[in-house]
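One letter stands for each residue in the lines below.
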Amino acid sequence: MNDTALLYVTFASRADAERVAETVLAERLAACVNLLAPCTSIYRWQGNIERGEEVPALFKTRPALALRLRERIAAIHGYDLPVIEQWPAEAGNAVARWIADETQ
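Residues numbered from 1 in each chain as written. Predicted model: local features only at pLDDT ≥ 70, side-chain atom pairs only at ≥ 80, totals over all residues. Heavy atoms only, no water.

A. Main features of the side chain of histidine 77. Summarising the element assignment, histidine 77 is placed in the loop between helix H2 (66-76) and strand S5 (84-89). Engagement of the side chain of histidine 77 in a polar contact is seen with the backbone nitrogen of tyrosine 79, the distance being 2.9 Å. When residues no more than four places from it in sequence are discounted, the contact partners of histidine 77 are Val9, Thr10, Phe11, Arg19 and Pro82. (Helix = DSSP H or I, 4+ residues; strand = E, 2+ residues; numbered from the N terminus. Polar contact = N/O pair within 3.5 Å; in protein donor to acceptor, adjacent residues only side chain to side chain. Contact = heavy atoms within 4.5 Å.)

Structural data, given as structure tokens:
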């Protein structure tokens, strides 16, 4: 049973990632957000190959909230076209407890 949705999103800065994370946590769209170490991204944008440092974040939520979370992240993200990847996962104890608390 997939009781958790994971969303992987990259941000231009740690401050932007923290702002989005705090917003969706306050709005109860996510149970947890892990901000990861900066990474180098190499990508094609507007016909050019670009390179830049980004901060990846992993958002954990219920599958029923995943679409709303994706839409909210896209609406407040600093990029014109943010990449928001999603996949199912089995919940750990903390996320499972949050899911149970939210359904009561």
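B. Main features of the packing of aromatic side chains. Considering all chains together, one arrives at 1 aromatic pair under this definition. Pairing phenylalanine 11 with phenylalanine 59 gives two aromatic rings, centres 6.4 Å apart and planes at 45°, and the pair type is tilted. Note that phenylalanine 11 is positioned in strand S1 (residues 4-11) and phenylalanine 59 in strand S4 (residues 48-61), a separation of 48 residues in sequence. By relative accessible area, which is 0% here, phenylalanine 11 ends up buried. Given the relative accessible area of 0%, phenylalanine 59 is considered buried. (Phe/Tyr/Trp six-rings, centres within 6.5 Å; stacked < 30°, edge-to-face > 60°. Buried < 20%, exposed > 50% of the residue type's maximum accessible area, 1.4 Å probe, protein only.)

C. Looking closely at the pattern of salt bridges. Scanning the entire structure with this criterion turns up 3 salt bridges. Arginine 14 is the salt-bridge partner of glutamate 18, the closest N and O atoms lying 3.7 Å from each other. In this pair, glutamate 18 and arginine 14 are both assigned in helix H1 (residues 14-26), 4 residues apart and thus about one turn of the helix distant. Relative accessible area serves as the criterion here: at 38%, arginine 14 is assigned to the partly exposed category. (Salt bridge = Lys/Arg side-chain N within 4 Å of Asp/Glu carboxyl O.)

Function cannot be read off these values alone, since they describe shape.
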